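The chain contents come next:
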Amino acid sequence: MDARRTSKLFGFRKNTKSQLFPFTEQTTSTESSDPELPSRSLALTRNSSNLSVTSSSTTLSFQRSSYHYHLENIPDDLLCEIASWCTPTTIFHSSLACKRLATLFQPYLYNFVDLAYTDLCRSGLKVFSQRPTMTRYIKTLILKPNRNSGWTNSSDKSIDEPWILDCLERIAFTGDLPLLTTFKWYGKELPKDSLWLTLRTHCLNIRNIGTSVGQKTLQAFKSDDQLFAFRNLTGFHLFTQILERWTMINYQMDRDLPETLWKMLFDSKDSLEELTLDGTCFSDANAWNLKPVFSGRWPRLRRLALGNVFNDDSIDNDKIACQFLQEHPSLEQVSSLGNMSYSTTTMACLLTLPKLETYQGKLQQLKSSGELTQIRNIILTDWFSPSANFGDILGDLHHLESLAVCVNFVDNLQSQLDFYKRLFAKCSQLKYLELSSTSWLSLRELSSGLRLVPKLCSLTVTRVHKMNGGNSLTKSALLIAAQNPSLREFKIRDVPVWDHLDQLSGIFRTKLLGCYTVDQHHLDGQRVLNVQETGIGALRQQYSRIFTRVIRDIP
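For the structure given in this document, a descriptive report is provided here.

The rules behind the values
Starting from 1, residues in each chain are numbered consecutively following that chain's sequence as written. Since the coordinates come from a predicted model, pLDDT governs what is reported: local features require at least 70, and pairs of side-chain atoms require 80 or more to be given and counted, while whole-chain, interface and lining totals use all residues. Only hydrogens and water are removed before side-chain values are computed, so all heavy atoms of the structure are retained for them. For the purposes of this entry, the term helix denotes a DSSP run of H or I that reaches at least four residues, the term strand denotes a run of E that reaches at least two, and both are numbered from the N terminus. By definition in these notes, contact holds between two residues if any of their heavy atoms fall within 4.5 Å. Per-residue accessibility takes into account occlusion by the displayed protein chains alone, with areas from the Shrake-Rupley method and a 1.4 Å probe. Orientation is described by lines fitted to C-alpha atoms, with helices fitted over the stretch in contact, and by angles between N-to-C directions that extend from 0 to 180 degrees. Roughly parallel means an angle under 35 degrees; roughly antiparallel, over 145; roughly perpendicular, 65 to 115; everything else is oblique. Nonpolar residues are Ala, Val, Leu, Ile, Met, Phe, Trp, Tyr, Cys and Pro. Charged residues are Asp, Glu, Lys and Arg, and all others, Gly as well, are polar. A carboxyl oxygen of Asp or Glu within 4 Å of a side-chain nitrogen of Lys or Arg is what we treat as a salt bridge. Only protein chains enter the accessibility calculation, which uses a 1.4 Å probe; a residue whose area is less than 20% of its type maximum is buried, one above 50% is exposed, and one in between is partly exposed. Each aromatic pair joins two rings of Phe, Tyr and Trp (for Trp, the six-membered one) with centres within 6.5 Å, and gets the label stacked for planes under 30 degrees apart, edge-to-face for over 60, and tilted for any other angle.

1. Some details on the overall build of the protein
Next up, step 1: Of the regular secondary structure elements, the protein holds 19 helices and 21 strands.
Next up, step 2: Taking the intrachain contacts of the protein between residues at least 6 apart in sequence as the baseline, contacts between residues at least 24 apart amount to 72%.
Next up, step 3: For the protein, the computed accessible surface area is about 25,400 Å², with 50% contributed by carbon and sulfur atoms.

Structural data, given as structure tokens:
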């Protein structure tokens, strides 16, 4: 199969140093063709002090050397080591050079596959059915059917989920997923039981599973379900469909889950590292009784994401929660999903965990919780007005390295710049920032505010698209790069009016997307901005442009 065609079918894991949302799968996919990923002239490395791969400097060294290096003289093990340090985009481009590299790099191209929307699921699984040599390298497989591709002009047709499951089951049954360790399903309904039996009996390495649950299967669990027959799991994720919330009028709230589920989790006490349980449906409604989770003891648990467990903050509930947290000192990331709410006492216990670095939840949950000196990453899931003063609630956050926040500037009564000054004055050491706005956001004022965070190296902005909004996106990007010299990469996404669930799921109907990276020119030392902008035109046609601009100093 042609590698160029392959790049358009499959999503690959993004090799990035920072992930702001550890509990939700990102929708970024297909690094070689997805416009959300910036075109890079510099190949990123995992540790710049150990290895630096720079296309321009490498070319220069070859020109100066009298010895000509030939690809056939480089051994396979060295090429594989180089590939292990490169991004999927770099690996893909390298695999186009010759048949040898295409064959050698297949394990790196297909070990992580994220079919992030409907068309990818349809075309990807068709190819997988015909090309089992590809599926034999897959270690992680994520399927997200019936999701749009993320553009305002997309006309994705709904897909028959049973067809997807039948196709996947046939691939697994024939033994063509021998390396599969992780499988996650984000469909509208829970997969049929036979799929879990096939995965368990024919994918012997699978240890991390996850699935969404819809209205039809919300309370259809049985004690003999094959989903609950796995053993020695490293990860388990069970959650309601975040894209479709529904009322609980016709359902029993806080229904007990089968004992076999809890037995499966408790029997994995020596291996479980990730756990997600969220039965949020609508408002304060919760489909499942999750209290038994606090009876579990998993010494290796690192990531925990829970929906609402308790309906009140009684002393007994606080005691149970605190005891559970104290028994899990290895926790690094905790997320409060749906309506989960921790009391002040429980939050105090949580924030004393020695390895805790990331918290996702609502600002109110962090209020009066004491000093947050250990937390390095905060993802806030609620909306804020421009008058919000984070310092009064959270105190000094100079230790914070990454922050995700959503703000509403729709009233325009408060200065956007004043909001940034109040926010960044309390977290001046930020390195990674994700800012979402449910209304139009001034990039000029944002750029001025970013001067208060001189160490910022990565930025993502999502805002409502505004017709005739002033300067072009490229000019605004050049201004941001010029005023913030530490910034190395940033993304600006313009979308139509959007809903809070878009932020939580990471799926937007994008109108215009700009991805930018800042490089140092190898000859004259000038800073240059690599630009990749993709948008939807007036006639709903998609366009894309890639170019480079010199960053001029602002007097």
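2. Brief notes about the packing of helix α12 (residues 315-326) against helix α13 (residues 344-351)
Next up, step 1: Relative orientation of the contacting elements α12 and α13 amounts to 5°, with a least axis distance of 9 Å. For the element pair α12 / α13, the angle class is roughly parallel. When α12 is examined against α13, the residues Asp318, Ala321, Cys322, Leu325 and Gln326 are found in contact with a partner set consisting of Thr345, Thr346, Cys349 and Leu350.
Next up, step 2: For the contact of α12 with α13, the residue count by class is 5 nonpolar, 3 polar and 1 charged.

3. Notes on the pattern of salt bridges
Next up, step 1: By the definition in use, this model includes 14 salt bridges.
Next up, step 2: As a salt-bridge pair, aspartate 76 and arginine 100 come within 2.6 Å of each other at their nearest N and O atoms. One end of the pair, aspartate 76, is in helix α3 (residues 76-84); the other, arginine 100, is in helix α5 (residues 99-104), and 24 residues separate them in sequence.
Next up, step 3: Relative accessible area serves as the criterion here: at 28%, arginine 100 is assigned to the partly exposed category.
Next up, step 4: Between glutamate 332 and arginine 302 there is a salt bridge, with its nearest N and O atoms 3.7 Å apart. Placement of glutamate 332 in the loop between α12 and β12 (333-336) and of arginine 302 in the loop between β10 (288-289) and β11 (303-306) is noted, with a sequence separation of 30 residues between them.
Next up, step 5: For glutamate 332, a relative accessible area of 28% gives the class partly exposed.
Next up, step 6: Take arginine 302: its relative accessible area is 25%, and that puts it in the partly exposed class.
Next up, step 7: Among the charged side chains, a network of salt bridges with common partners joins Glu273, Arg300, Arg302 and Glu332.

4. Examining the environment of glutamine 364
Next up, step 1: Position of glutamine 364 among the secondary structure elements: in helix α14 (residues 363-366).
Next up, step 2: On the basis of relative accessibility, which here comes to 57%, the residue glutamine 364 falls in the exposed class.

5. Some words on the packing of aromatic side chains
Next up, step 1: Enumeration over the complete set of coordinates arrives at 14 aromatic pairs.
Next up, step 2: Arranged with centres 6.0 Å apart and planes meeting at 55°, the rings of phenylalanine 221 and tryptophan 288 form a pair that is tilted. With a gap of 67 residues between them, phenylalanine 221 in the loop between β6 (208-213) and β7 (235-240) and tryptophan 288 in strand β10 connect regions that are remote in the sequence. No difference in accessibility class separates phenylalanine 221 from tryptophan 288, as the two residues are buried.
Next up, step 3: Their ring planes at 75° and their centres at 6.3 Å tell us that tryptophan 298 and phenylalanine 324 sit as a pair that is edge-to-face. A residue pair is termed long-range when its members are at least 10 positions apart, and tryptophan 298 in the loop between β10 and β11 and phenylalanine 324 in helix α12 qualify at 26 residues.
Next up, step 4: The class for tryptophan 298 is buried, based on a relative accessible area of 0%.

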